[in-house]
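Listed here are the chains, written in short residue letters.
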Amino acid sequence: MKQDGSLAVMQLSNAGRQTPIYVNPSPWSASDIQLHAKDFLCGKPIPLTTEQVKTEVIDRFVYAATARYAYDCGFDGIQLHGAHGYLLSQFTSPTTNKRTDKYGGSVENRNRLILEIYDEIRKAIPSRDFLIGLKTNSVEFQAEGTTLEDAKKMCEAYEKRGFDFVELSGGNAEKFLFAHERESTKKREAFFAEFAEQIRPVFKNTVVYLTGGFRTVGAMVDAIQRNTTQGIGLRRPVTAEPDLPKKILSGSVPSAVHDAFNPNEMSLTLIASGAQIQQMGRNSLRSSGGNIMDQISDFSDAKLAEKFGEALVDFMVQMQKDLSEGKVPKATIVFN
């Protein structure tokens, strides 16, 4: 990862109540609010006790950041995943946090866990050369969910604490927001641009990234020039083109490749990205003769995209069969 000068930053996450039921039927969470997702089943979560928040969450995040994992293996930093409905955001969101102890109630209490994890990692790794960042929701668009004002207060705390970077995103498994919620965001491409602009002023030293929806270089440059963000996050576009950031920075492409999928079928495009990640992991760059696109499907081809859609149907049928037989289903489609 680092051989050509890139920084290697490991994302640390725990799914909490979003854990599929076949992985863990009784996962930990902030409270016992069960997730009723469209595409997968989850068990009723067990609320962590105040003591377990320390032993089962804080201590384990610190362990992952240090011994045997990120720091000791040479990573340049870690990013805590505090967005998209995963465990840390189950504490920050009033939708899932019904606690009455020091981790529940006010914005400050709901945000306490993330700050305590940061503090403990900094104690274990005092070097400021080791980056600590956070992915957080700018908004949830849910009744009782994290509001823009909540997000601003939380981000003020991240700035004050000394986070190196914060990546702004939004949504969760109940309210999938990797699409344009507002007509006004379509021209700017970024799903959360309007919210990011209102949060951006709280950051002075913490570097801000914005993720979700960017496809053209023009929209990326516009977001930087408007000071909406300082950095651009790319997800699905780089599973189709792993060298896309390099091509953008060299000025050789005007945009990401546009796939032939229906943009409203978000689950399909995410599963297709997972298949591309599996494909790129089959071979090393050296073994492929330097061909970075070796075995990676080009879903801008409408016929290939249609073929993948058919493969997805077969995949879902097999998943249901495996679950009915008490088997653990495959996590991704092996597509050729």
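As annotated in an unreviewed UniProt entry, the protein chain carries the name NADH:flavin oxidoreductase/NADH oxidase N-terminal domain-containing protein and is attributed to Caenorhabditis nigoni.

A.B. asks: Sorry, what's going on with the side chain of Glu167 here?
C.D. replies: The residue Glu167 is located in strand 6 (residues 165–169) in this model. Looking at Glu167, its side chain comes within polar contact range of the side chain of Thr211, at 2.4 Å. The contact partners of Glu167, leaving out residues within four places of it in the chain, are Gln79, Leu134, Lys135, Thr136, Tyr209 and Thr211.

A.B. asks: What am I meant to see in the pairing of strand 5 (residues 131–137) here?
C.D. replies: Consecutive residues of a regular strand have side chains that alternate between opposite faces of the sheet. Summarising burial for strand 5: six of the seven residues are buried, a large majority. Bridge analysis of strand 4 (residues 77–82) against strand 5 gives six bridges, and the strand direction is parallel. Within strand 5, the position partnered with Ile78 by the bridge is Ile132. Here strand 5 pairs with strand 6 via five bridges, running parallel. The residue bridging Leu134 from the neighbouring strand is Val166, located in strand 6.

A.B. asks: Would you explain the packing of helix 1 (residues 50–65) against helix 4 (residues 112–124) in this entry?
C.D. replies: How two helices pack is summed up by the angle between their axes together with the distance between the axes. The N-to-C vectors of helix 1 and helix 4 enclose an angle of 45°; their axes lie 9 Å apart at closest approach. Judged on the interaxial angle alone, helix 4 and helix 1 are oblique. Relative to helix 4, the crossing made by helix 1 is right-handed. Two secondary-structure elements touch here, helix 1 through Val53, Val57, Ile58, Phe61, Val62 and Ala65 and helix 4 through Leu113, Glu116, Ile117, Glu120, Ile121 and Ala124. Across the contact of helix 1 with helix 4, the residue classes break down as 10 nonpolar, no polar and two charged.

A.B. asks: Got a minute to help me understand empty space enclosed by the protein in this structure?
C.D. replies: Any empty space left between atoms is shown by rolling a water-sized probe over those atoms. Evaluated as defined, the whole model comprises four cavities of 30 Å³ or more. Looking at the largest cavity, its volume works out to about 80 Å³. Around the largest cavity sit 12 residues that line it, and Gly212, Gly213, Arg215, Arg235 and Arg236 are the ones nearest its centre. Looking at the lining of the largest cavity residue by residue, the class counts come to five nonpolar, four polar and three charged.

What counts as what
Residues numbered from 1 in each chain as written. Predicted model: local features only at pLDDT ≥ 70, side-chain atom pairs only at ≥ 80, totals over all residues. Heavy atoms only, no water. Helix = DSSP H or I, 4+ residues; strand = E, 2+ residues; numbered from the N terminus. Polar contact = N/O pair within 3.5 Å; in protein donor to acceptor, adjacent residues only side chain to side chain. Contact = heavy atoms within 4.5 Å. Buried < 20%, exposed > 50% of the residue type's maximum accessible area, 1.4 Å probe, protein only. Pairing = 2+ DSSP bridges. Axes fitted to C-alpha atoms, helices over the stretch in contact; angles between N-to-C directions. Parallel < 35°, antiparallel > 145°, perpendicular 65-115°, else oblique. Left-handed = near helix turned anticlockwise from the far one by under 90°. Nonpolar A, V, L, I, M, F, W, Y, C, P; charged D, E, K, R; others polar. 1 Å grid on protein atoms, 1.4 Å probe; cavity = no way out; pocket = protein on both sides within 12 Å on 5 of 7 lines; lining within 4 Å. Points joined across faces, edges and corners; volume = space filled by probe spheres on them.

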